[in-house]
Each structure stands twice: as C-alpha cells, then as structure tokens.
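Below, each chain spelled out in residue letters.
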Amino acid sequence: MPELLRLTGVSRRFSGLQALRDVNLSVAPGEVLGLIGPNGAGKTTLVNTICGVTPANSGTILFDGTDITRTKPYQAARRGLSRTFQIVQPFAEFSALDNVAAAALFSQPGESLKSAREAAREHLAFVGLDAQADQPAATLTLAMRKRLELAKALAMQPKLLFLDEVNAGLNSAEVERATELIHQLARSGITIVMIEHLMKVVLNVCTRIVVLHNGHPIADGAPREVISNPAVVEAYLGQQYAQRTARHG
Ligand SMILES: Nc1ncnc2c1ncn2[C@@H]1O[C@H](COP(=O)(O)OP(=O)(O)O)[C@@H](O)[C@H]1O
Ligand SMILES: [Mg+2]
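Quick notes on the packing of helix 3 (residues 96-107) against helix 5 (residues 142-155)
Next up, step 1: It is at 7 Å that the axes of helix 3 and helix 5 come closest, and there the two elements cross at 30°. Between helix 3 and helix 5, the angle falls in the class roughly parallel. Seen along the crossing, helix 3 lies across helix 5 with a hand that is right-handed. Each of Ala96, Asn99, Val100, Ala103, Ala104 and Ser107 in helix 3 lies in contact with helix 5, whose residues at this interface are Leu148, Ala151, Lys152 and Ala155.
Next up, step 2: A class-by-class count of the residues in the contact of helix 3 with helix 5 yields seven nonpolar, two polar and one charged.

The structure is reproduced here in structure tokens:
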C-alpha cells in the first residue's frame, strides 16, 4: 500500500510526562483516519508533533517520501500538512475573509493579497460562511468559528488535513452539516486524520480507526472491529458510555 505519512517509534515528553510513547502509524492516500482515545491520551500532541509544533524527542516522521521529523510548522504547512485547532483562535478583529486569506498567504507566501482573497471567498462559500465573509471573526458563533477553522486549513491546500475535534460543542444539526463537509473533502481526494469523540461521526466518516491510550496506539483497524475490541472498550468506550449514562440518567 502506498503511504502518505509514516511515523516510526515517535516519542514526545513534557518534562516528567511521556505524552507519546513509541508511536508507529501509517496513513495511506485517501484514507479518513479516526484518532480516538480518552482525554489526555496524546491525540492533540500527536498532531502537534507531526506538524512540528512540539517536535518528537525520538523517532522519525516521513511525509510524502520526505523526512519531516525536524521540520518547522510553517515548512510542514507548505509541504501540504494542514490542521484545525481544538481551541479556535482566529484573528478576532480581522474579517472572516482576511483570516482565511492570511492562512493562504502563510502557506503560499508568493501569492498576491488579491488572489489570496479570491481563494478565501471560495473556501468560505464551501464551508457555508459566504454571508459572514466581511464580519469580524470575533462576532461569529462557535459553530461558525469551527467552520472558519476548516476554511483556513483548506486555504493551505493540504494533502493531509488534521481535524481536531471540529464537532466539539456543536448541536446535532451543526454536527450533521460538518460531517457532510468532511465527506465532501474526502471525496475531493484530501487525506484526513480526525480526532473525534462522537462515535456516530467516527463510524459514519472514517475508513479506519486508531485508538491512542497513554500516548501509545492500542488498536488500529477497520472501525467496526476496533470498537468491539475489548481493550478499546476498557480504555475508552466504556468510560464514554459511563459519562453519557451519568449525564442522561
Ligand atoms: N505543551 C504541553 N506542555 C506540557 N504538557 C502537555 C503539553 N501538551 C500536552 N501536554 C500533556 O500531554 C498529555 C496529552 O495531552 P493531549 O495531547 O492534549 O491529549 P488529548 O488531545 O488526547 O486529550 C496530557 O497529560 C497533557 O496535559
Ligand atoms: Mg486534544
């Protein structure tokens, strides 16, 4: 199978804490990989490590045939790695349009402001924010800011797109809309790695699932197989079920 991304023995420590431990992972072109696991498992750290934000202490990361283990975030972005942030932080005073145009200019520095804005308009239309293009980002709702994050990530023309909890905090209609956007992106040929807690979304969208627990993958495979794996139920799904029961019951 061809590979777009391969991690071999990747580890990352934060002072005393081993956030990632000997992670081996490969992603093939066209996959929609679901990355799941309990809070604190290391999911966001894994994305940050691949994108160069918190570089690996050991191990290697190959992207599209190139060693990117020591690559800076802007270099990773220019190579086609793009991501949304779990905590959305747009430039509050900038319009939605200019937030997206800034992302386009960041990843393609030679581009003119005019063409960056034209591209930004298309990305905003794709995520359904054309009517909000000229509004300051600070005035958008959470659901809109999540979609703005997606438009910013797309403006970087990714080959591989990481989505970090794009559905967190959204209502069910908003989740459905976001899920449809993810389907469309996958159909357009962008390879996707998504961190997601909503199992309904994971099972609807993902072609494969990796479960991270204490910084290490404990399962990797077809969605239905992975979610019935006893170790996964024990480490994660049982806990999710217990939380849901506590909330509703
Ligand atoms: N920049 C950082 N500095 C120190 N500790 C961190 C940092 N980023 C993450 N951690 C710690 O690493 C662990 C994994 O965190 P994270 O990757 O955010 O988990 P997840 O996204 O799976 O919930 C947590 O214990 C978290 O507190
Ligand atoms: Mg996280």
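Here's the deal with unusual backbone geometry
Next up, step 1: Of note, Glu165 is a non-glycine position whose phi angle comes to about 50°, a positive value.
Next up, step 2: Residue position: Glu165 is located in the loop between strand 7 (160-164) and helix 6 (172-187).
Next up, step 3: Of note, Asn214 is a non-glycine position whose phi angle comes to about 50°, a positive value.
Next up, step 4: By the secondary structure assignment, Asn214 is in the loop between strand 9 (208-213) and strand 10 (216-221).

Comments concerning the sheet that holds strand 2 (residues 17-27)
Next up, step 1: A sheet is described by the order of its strands in space; here four strands give the open sequence 2-1-4-5, paired in antiparallel fashion. A single partner strand is all that each edge strand has here, and the edge strands are strand 2 and strand 5 (66-67).
Next up, step 2: Both strand 1 (residues 5-14) and strand 4 (residues 58-63) contribute to a ladder of five bridges, which runs antiparallel. Within strand 4, the position partnered with Leu7 by the bridge is Ile61.
Next up, step 3: Against the sheet, helix 1 (residues 43-50) engages strand 1, strand 2 and strand 4, with an angle of about 115° to strand 1.

A few points about helix 5
Residue pairs spaced three or four apart in an α-helix point in one direction, given the helix's 3.6 residues per turn.
Next up, step 1: Over its 14 residues, helix 5 extends 20 Å from the first C-alpha to the last, a length consistent with the 20 Å expected when each residue adds 1.5 Å.
Next up, step 2: Buried residues dominate helix 5, accounting for 11 of its 14 residues.
Next up, step 3: Regarding helix 5, the residues found buried are Ala143, Lys146, Arg147, Leu148, Glu149, Leu150, Ala151, Lys152, Ala153, Leu154 and Ala155.
Next up, step 4: Residues of helix 5 that are buried sit in contact with strand 6 (81-83), helix 3, helix 4 (113-126), strand 7 and helix 6.

With respect to the site of ligand 1
Next up, step 1: The immediate surroundings of ligand 1 are formed by Phe14, Leu17, Ala19, Pro38, Asn39, Gly40, Ala41, Gly42, Lys43, Thr44 and Thr45.
Next up, step 2: In this structure, Gly40 approaches ligand 1 through a main-chain N or O atom, which is 2.8 Å from an oxygen atom.
Next up, step 3: Ala41 is positioned such that a nitrogen or oxygen atom in its backbone is 3.2 Å from an oxygen atom of ligand 1.
Next up, step 4: For the shell around ligand 1, the leading source of residues is helix 1, giving three residues.
Next up, step 5: Looking at the shell around ligand 1 residue by residue, the class counts come to five nonpolar, five polar and one charged.

Examining the pairing of strand 4
Next up, step 1: Summarising the sheet, strand 4 and strand 5 pair through two bridges and their orientation is antiparallel. Its bridge partner lying in strand 5, Phe63 is registered against Thr66.
Next up, step 2: Counting the residues that bridge the hairpin from strand 4 to strand 5 gives two residues, and of these Asp64 lies at a positive phi of roughly 55°.

A look at the packing of aromatic side chains
Next up, step 1: Under the definition given, this model contains one aromatic pair.
Next up, step 2: Each ring, one from Phe91 and one from Phe94, has its centre 5.1 Å from the other, and the planes form 40°; the classification is tilted.
Next up, step 3: Under the relative-accessibility criterion, Phe91 is labelled partly exposed at 49%.
Next up, step 4: The cationic tip of Arg83 hangs over the ring face of Phe85; the distance from NZ or CZ to the ring centre is 4.0 Å.

Remarks on the sheet that holds strand 3 (residues 32-36)
Next up, step 1: If you trace the six strands from one edge of the open sheet to the other, you get 6-7-8-3-9-10, paired in mixed fashion. Two strands in the sheet have a free side with no partner beyond their single neighbour: strand 6 and strand 10. Across this sheet, the average inter-strand angle for adjacent strands is 20°, counted without regard to direction.
Next up, step 2: By the bridge criterion, four bridges tie strand 3 to strand 9 in an arrangement that is parallel. When the sheet's bridge partners are listed, Gly34 is paired in strand 9 with Ile209.

Points about the nonpolar core
Next up, step 1: With 48 residues, the main nonpolar core has Leu124, Leu148, Leu150, Leu161, Leu163, Ile192 and Met194 as its most contacted residues.
Next up, step 2: If one sorts the elements of this core by residue count, helix 5 sits on top with seven residues.
Next up, step 3: Residue contributions to this core reach at least three from each of two domains, namely domain 1 (1-80 + 159-249) and domain 2 (87-157).
Next up, step 4: Excluding residues within four positions of it along the chain, Leu161 makes contact with Ser82, Arg83, Leu150, Ala153, Leu154, Leu185, Ile190, Thr191, Ile192 and Val193.
Next up, step 5: In this structure, Val10, Val23, Val47 and Phe63 belong to the second largest nonpolar core, which totals 27 residues.

Definitions and limits used
- Residues numbered from 1 in each chain as written.
- Chains lettered and ligands numbered in written order.
- Predicted model: local features only at pLDDT ≥ 70, side-chain atom pairs only at ≥ 80, totals over all residues.
- Heavy atoms only, no water.
- Axes fitted to C-alpha atoms, helices over the stretch in contact; angles between N-to-C directions.
- Helix = DSSP H or I, 4+ residues; strand = E, 2+ residues; numbered from the N terminus.
- Parallel < 35°, antiparallel > 145°, perpendicular 65-115°, else oblique.
- Left-handed = near helix turned anticlockwise from the far one by under 90°.
- Contact = heavy atoms within 4.5 Å.
- Nonpolar A, V, L, I, M, F, W, Y, C, P; charged D, E, K, R; others polar.
- Pairing = 2+ DSSP bridges.
- Expected span 1.5 Å × (residues − 1).
- Buried < 20%, exposed > 50% of the residue type's maximum accessible area, 1.4 Å probe, protein only.
- Near = heavy atom within 4 Å.
- Polar contact = N/O pair within 3.5 Å; in protein donor to acceptor, adjacent residues only side chain to side chain.
- Phe/Tyr/Trp six-rings, centres within 6.5 Å; stacked < 30°, edge-to-face > 60°.
- Lys NZ or Arg CZ within 6 Å of the ring centre and 35° of its normal.
- Core = buried A, V, L, I, M, F, W, Y, C linked by side-chain atoms within 4.5 Å.
- Domains from an automatic or database assignment.

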